[in-house]
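# Coordinate inspection notes
Listed below are the residues making up each chain.
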Amino acid sequence: MSATEVEPEATAALFGQQIEVARAFTADLALRGEALGLIGPLEAARIWTRHVVNSVLLAPLLREGATVADVGSGAGLPGLVLAIARPDVSFTLIEPMERRVEWLNDQTRSLGLSNVIVTRARAQDCALSVSVDQVTARAVSALTSLLPVCVPLVVPGGELVLMKGAGVTREIEAAAKTIRRLRLHDVRVETLGEGIVDDPTRVFRARVDRGPAR
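Residues numbered from 1 in each chain as written. Predicted model: local features only at pLDDT ≥ 70, side-chain atom pairs only at ≥ 80, totals over all residues. Heavy atoms only, no water.

Turning our attention to the packing of aromatic side chains. Within the structure shown, the criterion is met by one aromatic pair. Measuring from centroid to centroid gives 6.3 Å for Phe25 and Trp103, while their planes differ by 50 degrees, and the two rings are tilted. Taken together, the positions of Phe25 in helix 2 (residues 19-32) and Trp103 in helix 5 (residues 98-110) put the pair 78 residues apart, joining distant regions of the chain. Taking the relative accessible area as the measure of exposure, Phe25 reaches 0% and is therefore buried. (Phe/Tyr/Trp six-rings, centres within 6.5 Å; stacked < 30°, edge-to-face > 60°. Helix = DSSP H or I, 4+ residues; strand = E, 2+ residues; numbered from the N terminus. Buried < 20%, exposed > 50% of the residue type's maximum accessible area, 1.4 Å probe, protein only.)

Here it is in structure tokens:
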């Protein structure tokens, strides 16, 4: 395992009073994440900038007191990171793989997070049981596949807040028909963390209407 990255200076300000909880989560992920198949063998060396800080940059985009579903939570990125940073927000972490669900539950207990529920399921099977204000996801799939899975989880007037890579503009173009069919509005891309991290966080945001067109 590579050496764990030194915490960037900006991290404490991003997490505020929750910084010690964030440090505990990050240390455990760096220590056990590779063995559990949560992160790759080189990821400990960039655990803060590539994963934790990259995720917490979404925290200001979450509505006060909101309910949020994180699709494909995996190692807890961004779901657990956001739950640490925003204790006022209630999170449902949706993850189908048992080993990852065990990790998420273990972290929720050990970190004392009272605002997290972990659900073992595929997101497409949760439409009848999950109804939230906002949905997050990170590196799950292209928008063409991801949007039809996420939209049914969101209440009318709710929002998608999806972390994407540098090719997000091309993904939006490829998903144009899907965006129209699902009646998404205020579609835009925001870039977060410039001047804080080398690779800023790109976020696809869209408001969800009353439901897909028939």
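Structure's up, so let's keep going.
With that out of the way, let us pick up the pairing of strand 4 (residues 132-138). When you tally the buried positions in strand 4, you get six out of seven residues, the bulk of the element. Two elements, strand 1 (residues 67-71) and strand 4, share four bridges in a ladder whose sense is parallel. Bridged to Val68 within strand 4 is Gln134. Two elements, strand 4 and strand 5 (residues 154-164), share six bridges in a ladder whose sense is parallel. Looking at the pairing, Val135 lines up with Leu160 of strand 5. For the handedness criterion, the β-α-β arrangement of strand 4, helix 6 (residues 143-150) and strand 5 is classed as right-handed. (Pairing = 2+ DSSP bridges. Right-handed = clockwise from strand over helix to strand, strands pointing away.)

Let us look at the pattern of salt bridges. Oppositely charged side chains can form a pair if their charged atoms are brought close together. What the rule picks out here adds up to 16 salt bridges. Arg23 is the salt-bridge partner of Glu20, the closest N and O atoms lying 2.6 Å from each other. With Glu20 and Arg23 both in helix 2 and three residues apart, the pair spans about one turn of that helix. Judged by relative accessible area, Glu20 falls into the exposed class, the value being 52%. We classify Arg23 as partly exposed; its relative accessible area is 29%. A salt bridge links Arg205 to Glu190, with the shortest nitrogen-to-oxygen separation between them at 2.8 Å. Remark: Glu190 occurs in strand 6 (residues 184-192) and Arg205 occurs in strand 7 (residues 201-208); sequence separation between them is 15 residues. The class of Arg205 is buried, set by a relative accessible area of 11%. Sharing partners across several salt bridges, the network here consists of Glu159, Arg188, Glu190 and Arg205. (Salt bridge = Lys/Arg side-chain N within 4 Å of Asp/Glu carboxyl O.)

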